[in-house]
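# Summary of the model geometry
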Amino acid sequence: MDTTSKEKNSPDRDALHKVLAQAYEGKSFAVLGIKLPPIRELLPAIPLRDGFIDHLFLLEDGTYAVVEYAFGCHKTDMAQYPNYIAKVMEKYDKGDGNFDLHLIIIYTGDVEKADPVFDCGCLTLRPKQVFLSRIDGGAEFDAIRQKIHSGIVLTDDDLMKLVILPLTVPGTEGKQRMLERIVDLAEQIPDEGQRIFTLSGVIVASDKFINRDYMDQIRRRINMTQLGQLYEKEKIEYANQKVRENDLKRAKSLLNEGIDIVKIMKTYGFTEEELLHLQDENVTV
């Protein structure tokens, strides 16, 4: 079941991306068995018709990597990826012949094998594949928990494992149980940065596979952390942005009606320059 939120400007989503953009820097995919340069930056999410490209990375060598979590491997599942590639190229390909994109498909514990090549005649995809069904999630969890309880500082590889551990378990209920264990364990991590990265990462990685109500419960559980504070800040900024957008619409309507520009400035607080720019027929609000 795909429970991906379709809201285009979710403040929660923006907050998570701001946290993860800082935390992913320098980490690598080596823990997943993928040999690629370290991550330079997590790039902003790209909206799709029915979701987002959430995991788009710029790597240290200047190439890009799209990471997609999947619980199916049918041709209909693979057919979505050319659209992903086209969207990324549209945004980042400068047309100088240097654009290079890696497609990484991380299959959840529900999938044991998949065709390594997707060939539809005019297009062939050769994604890098990761099968989480081959990871003993319980054993990895116990090893990391022992580290935390022993006061051993977690490595970047440990943190990357924590993010994907809920997805190593087959079935929605199993994923939910493992996610809850991860959240409980993350709250015991002494380092705040590592704790916030883990909480943010598991929410984003598991978002498509965990019941929406359950994910909201997890968000409420962590609302007293720095991440929760960031959520609130983003929500306030989001609300302010909506107010400004509505004011701009009303101001543009008044301008079109020929209302004196000074009166509009006094009512909404916009500068003359802003209103003159708004008056331009090419400006839409």
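Each chain has its residues counted from 1, running along the sequence as written. Since the coordinates come from a predicted model, pLDDT governs what is reported: local features require at least 70, and pairs of side-chain atoms require 80 or more to be given and counted, while whole-chain, interface and lining totals use all residues. Where side-chain values are given, they derive from all heavy atoms of the structure, hydrogens and water being excluded.

## Some remarks on the overall build of the chain
Helices and strands together make up the secondary structure of the chain, namely eleven helices and nine strands. The buried share among the 285 residues of the chain stands at 44%. We call two residues contacting when some pair of their heavy atoms lies within 4.5 Å. Long-range pairs, those at least 24 residues apart, make up 62% of the contacts in the chain with a sequence separation of at least 6. Accessible surface for the chain amounts to roughly 15,200 Å². Of this, 48% is attributable to carbon and sulfur atoms. Here a helix means four or more residues in a row that DSSP labels H or I, a strand means two or more in a row labelled E, and each is numbered from the N terminus. Any residue under 20% of the maximum accessible area for its type is buried, any over 50% is exposed, and the rest in between are partly exposed; the area is computed with a 1.4 Å probe on protein chains only. All accessible-area figures derive from a Shrake-Rupley calculation using a 1.4 Å probe, and residue coverage is judged against the displayed protein chains alone.

## Side note on the sheet that holds strand E1 (residues 39-42)
The five strands are arranged E1-E4-E5-E6-E9 in an open sheet whose pairing can be described as mixed. Edge positions in the sheet fall to E1 and strand E9 (128-131), since each of these pairs with one other strand and no more. Each adjacent strand pair in this sheet contributes to an overall mean axis angle of 25°, direction not counted. At least two DSSP bridges between two strands are required for those strands to pair. Pairing of strand E5 (residues 64-70) with strand E6 (residues 101-107) involves seven bridges; the strand directions are parallel. Within E6, the position partnered with Tyr69 by the bridge is Ile106. Helix axes are fitted only over the stretch in contact, all axes being lines through C-alpha atoms; the angle between N-to-C directions runs from 0 to 180 degrees. Along the sheet face, helix H3 (residues 81-92) touches strand E4 (56-59), E5 and E6 and points at about 150° away from the line of E5.

## Quick notes on the pattern of salt bridges
By definition, a salt bridge exists where a carboxyl oxygen of Asp or Glu is found within 4 Å of a side-chain nitrogen of Lys or Arg. Taken as a whole, this structure holds ten salt bridges when the rule is applied. We note a salt bridge from Lys175 to Asp110, for which the minimum N-O separation is 2.5 Å. Highlighted residues: Lys175 in helix H6 (residues 172-186) and Asp110 in the loop between E6 and strand E7 (118-119), separated in sequence by 65 residues. With a relative accessible area of 37%, Asp110 lands in the partly exposed category. It is possible to trace a salt-bridge network through shared partners that takes in Asp142, Arg145 and Arg181.

## Here's the deal with helix H7 (residues 192-206)
Counted at 1.5 Å a residue, the expected span for H7 with its 15 residues is 21 Å, and the 21 Å between its end C-alpha atoms agrees. By the criterion of burial, H7 is predominantly enclosed, with 13 of the 15 residues buried. For H7, the capping residue at the N-terminal end is Asp191, with a side-chain oxygen 3.0 Å from the backbone nitrogen of Gly193. Residue count minus one, scaled by 1.5 Å, sets the expected span of a helix. Between N or O atoms, a polar contact is any pair within 3.5 Å; within protein, one atom must be a potential hydrogen donor and the other a potential acceptor, and residues adjacent in sequence are included only when both atoms are from side chains.

## Some words on the confidence of the model for the chain
Residue-level confidence of the predictor, termed pLDDT, takes values from 0 up to 100. Here the chain averages 83 in pLDDT, and 84% of its residues register 70 or above. Within the chain, no element has a lower average pLDDT than helix H1 (residues 11-23), which sits at 66, and none a higher one than helix H4 (residues 137-149), at 96. Contacts from residues 1-9, a stretch scored under 50 in pLDDT, to residues over four places away or in other chains number 29 contacts.

## Quick look at the environment of Gly171
With respect to the secondary-structure elements, Gly171 resides in the loop between helix H5 (156-164) and H6. Classification of Gly171 as partly exposed rests on a relative accessible area of 30%. As for Gly171 and Phe71, which are separated by 100 residues in sequence, their C-alpha atoms are 9.5 Å apart.

## Considering the packing of aromatic side chains
Aromatic rings from Phe, Tyr and Trp, taking only the six-membered ring of Trp, are treated as a pair when their centres fall within 6.5 Å; an angle between ring planes under 30 degrees marks them as stacked, one over 60 as edge-to-face, and anything in between as tilted. Applying the stated rule across the entire model yields nine aromatic pairs. Between Lys91 and the ring centre of Tyr92, over which it is positioned, the NZ or CZ distance is 5.8 Å. Across the ring face of Phe141, the terminal group of Arg181 is positioned such that the distance to the ring centre comes to 4.1 Å. Working rule: Lys NZ or Arg CZ, within 6 Å of ring centre, within 35 degrees of ring normal, means a charge sits over the ring.

## What to know about the side chain of His102
Checked against the element boundaries, His102 lands in strand E6. For His102, a relative accessible area of 14% corresponds to the buried category. A polar side-chain atom of His102 sits 3.2 Å from a polar atom in the side chain of Thr63. Apart from the residues lying within four places of it in its own chain, the contact partners of His102 are Leu36, Leu59, Thr63, Tyr64, Ala65, Val66 and Lys128.

## Brief notes about H3
When the terminal C-alpha atoms of H3 are compared, their 16 Å separation across twelve residues agrees well with the 16 Å that a helix rising 1.5 Å per residue should span. Residues of H3 that are buried include every one of Tyr81, Tyr84, Val88 and Tyr92, and no others. For H3, the arc enclosing every buried residue in end-on projection is 50°, short of the 170-degree limit, so these residues lie on one face. Working note: the arc is built from the helix axis to C-beta atom directions.

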